[in-house]
Amino acid sequence: MQLSTIQKTTEEECSGPGPKQTDTRMQSLQVDSVQRWMEDLRHMTEVECMCVLQAKPIGVEEDSQQGELIVASGVGAGDHVARNNLQTLLRRALVVSTELGKMFQRLEKGRWQRVHSTAVRANCHVRSLVHEYSAARSTPPEMQKYEKSLLEKCMELTNITERCLHTDDEFFLKSMREAIHEILTDVSDSFSNMIDMALANEIRVLIKQIESSDSIHTIGSAISNLLSLTQDGPQLCSIIAKEGAVVALFKICRQDRFRDLYAHALRTVASICCVEEGINQLDKVDGILCLADILTDESSVEAARAEAAAVVAQITSPHHTSTQHLASFLESMHDIVTALIKLCESASCGEVFLLASAALANITFFDSMACEILLQLNAIQILLQACKDRQRVDTPYSKDQVVTILANLSVLEQCASEVLQEQGIERLLLLLGEKPSSTSPSEGAACERVQQKAAVTLARLSRDPDVAQTAIQLKAVPRLIELCRSPTERNNSDSVLVACLAALRRLAAGCPDSIEAADHQQLIKPRLVDSFLLCSNMEESFV
């Protein structure tokens, strides 16, 4: 039962409603309860009943339209069927996988009663899934072969585990354990293959809707279902990519009549491109040219350009091992970089800025020409000004992207003068003090990256005497020493420690008098590794 419904009901009862209000309230409560019960019942069945029924689905009579309305209220029939098929597959797959995992564990412990009962449950769930899916969708011939083989193996598993209940012969049980383990492995592999084929079949249905329909609602619903599937992990993203989803989505993004769907389609593309198959498909359909067109089209809404930036960020991520697609990216890089820095400048919110700056940060890693283009476009001024605007740069994640770009730009000599002109050293010192506002591990890690990259940027820029002198005047040295000596200030991060030691040594090389003798003796004079070991083992004094 939904909590909001219970709370609403309680509040209305306290206010003393009339009979009519009470009837309406109870009817709403019953519909919610029945709907929830009907959803849960499909996945919470009694093993004995399933054995008797052999997982046969309960048919819907023609006159039972009221029950259908309760389950599918507010959802189009086609959309509901597609979504329900996908949800049923994923839920059943999770249940069966869990049961098979339990069987492996109980088999190792020799708990034969539990092994058999788990085999019975797994058998029932598999049969239920197969029958329900066959009733809802025509099964491809190749998948029918897997189904038949899987059902036979599940039945064999049930029978062989039952034989182990009626003997105490250790030699027999040991031989059976090996046989069961082999069958169980076959069942797991067959089930996994069958689910992949079933999901691929459902994905093909969604892609066909995208390719053949002229209805924005139908296409949008199919894209939503694909996007939902991408959240279930890289394996599903690989299946989606192999079935041609990226090709279909870019067809949508090349048609003006579907402009309202661009953002939605591109968000799905970005999710699919977390795997190499998705990026390869994007490259084959010249997806980078399409992204460039959307980013540079001033008539494109901000949401579409932001999602195009998200795709760029995804495909340029340093985590990808394949770089073949980047060859075609270089051809459009100037236009894309120009559009992205403009998007950073005009971003209406933090999310848009984050996507655009993340794309730029990734681009600056793999080509120095991108850094030169950004300097020509006054990127340093734009990014440092954005840091003063909390509407755009409002989280450590956004600051991480900004300082990454600055760190990569700082390898160019002409960068130092621009940073000084825009009072960038003051901003770097503020970034050295970045601390998480919550206990979130991801936010803490982002703050560490901000501190580390700020120190790296300061070290690189301090090759310029004017930058080094400005940093010393702004008391960069005491802050760097504090970060080296106080583990809590750097969140116990070794990477921040190394970066701060490097920056400190760079400043000391240009201005030796800026560091006291004791600090020089411990942090500057020894080898870097010795100073690192000294600071990493240092316990903070609270006296």
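Residues numbered from 1 in each chain as written. Predicted model: local features only at pLDDT ≥ 70, side-chain atom pairs only at ≥ 80, totals over all residues. Heavy atoms only, no water.

The name an unreviewed UniProt entry gives the protein chain is INSC spindle orientation adaptor protein, with Amphiprion ocellaris as the organism.

**Student:** I keep staring at the overall build of the protein chain and nothing clicks. Help me out?
**Tutor:** Across its full length, the protein chain carries 29 helices and 0 strands. At a minimum sequence separation of 6, the contacts of the protein chain that also span at least 24 residues come to 74%. (Helix = DSSP H or I, 4+ residues; strand = E, 2+ residues; numbered from the N terminus. Contact = heavy atoms within 4.5 Å.)

**Student:** What exactly am I supposed to notice about unusual backbone geometry here?
**Tutor:** Most of the time, phi is negative for any residue but glycine, and the peptide bond is trans. Positive phi outside glycine occurs at Lys475, with the angle close to 65°. Positionally, Lys475 belongs in the loop between α25 (465-473) and α26 (476-485).

**Student:** Where do I start with the environment of Leu377 in this structure?
**Tutor:** By the element assignment, Leu377 lies in the loop between α19 (368-376) and α20 (379-387). Under the relative-accessibility criterion, Leu377 is labelled partly exposed at 25%. Separated by 36 residues in the primary sequence, Leu377 and Ile341 have C-alpha atoms spaced 7.9 Å apart. Each residue touching Leu377, except ones within four places of it in the same chain, is listed here: Val337, Thr338, Ile341 and Ile382. (Buried < 20%, exposed > 50% of the residue type's maximum accessible area, 1.4 Å probe, protein only.)

**Student:** Help me understand the packing of aromatic side chains in this model?
**Tutor:** What characterises a pair of aromatic rings is the spacing of the ring centres plus the angle enclosed by the ring planes. For the structure shown, the criterion picks out 1 aromatic pair. Here Phe329 and Phe366 contribute two aromatic rings whose centre-to-centre distance is 5.7 Å and whose plane-to-plane angle is 65°, an arrangement assigned as edge-to-face. A residue pair is termed long-range when its members are at least 10 positions apart, and Phe329 in helix α16 (residues 326-331) and Phe366 in helix α18 (residues 350-366) qualify at 37 residues. Overall, the relative accessible area of 27% leaves Phe366 in the partly exposed class. (Phe/Tyr/Trp six-rings, centres within 6.5 Å; stacked < 30°, edge-to-face > 60°.)

**Student:** Would you take a moment to explain the nonpolar core for this structure?
**Tutor:** Across soluble globular proteins, nonpolar side chains have a tendency to be buried as a group. Core analysis: the largest hydrophobic core is formed by 157 residues, its most contacted members being Leu282 and Leu340. Per-element tally for this core: the top contributor is helix α8 (residues 170-212), with 17 residues. (Core = buried A, V, L, I, M, F, W, Y, C linked by side-chain atoms within 4.5 Å.)

**Student:** Honestly, the packing of α19 against helix α21 (residues 396-409) in this entry has me stumped. Any pointers?
**Tutor:** Packed helix pairs are characterised by how far apart their axes lie and by the angle those axes make with each other. It is at 10 Å that the axes of α19 and α21 come closest, and there the two elements cross at 105°. Relative to α21, the element α19 lies roughly perpendicular. In contact with Cys371, Leu374 and Leu375 of α19, α21 contributes Ile405, Asn408 and Leu409. A per-class count over the contact of α19 with α21 returns 5 nonpolar, 1 polar and no charged. (Axes fitted to C-alpha atoms, helices over the stretch in contact; angles between N-to-C directions. Parallel < 35°, antiparallel > 145°, perpendicular 65-115°, else oblique. Nonpolar A, V, L, I, M, F, W, Y, C, P; charged D, E, K, R; others polar.)

**Student:** Would you take a moment to explain the side chain of His125 for this structure?
**Tutor:** Its location among the elements puts His125 in helix α6 (residues 112-136). Engagement of the side chain of His125 in a polar contact is seen with the side chain of Arg92, the distance being 3.3 Å. (Polar contact = N/O pair within 3.5 Å; in protein donor to acceptor, adjacent residues only side chain to side chain.)

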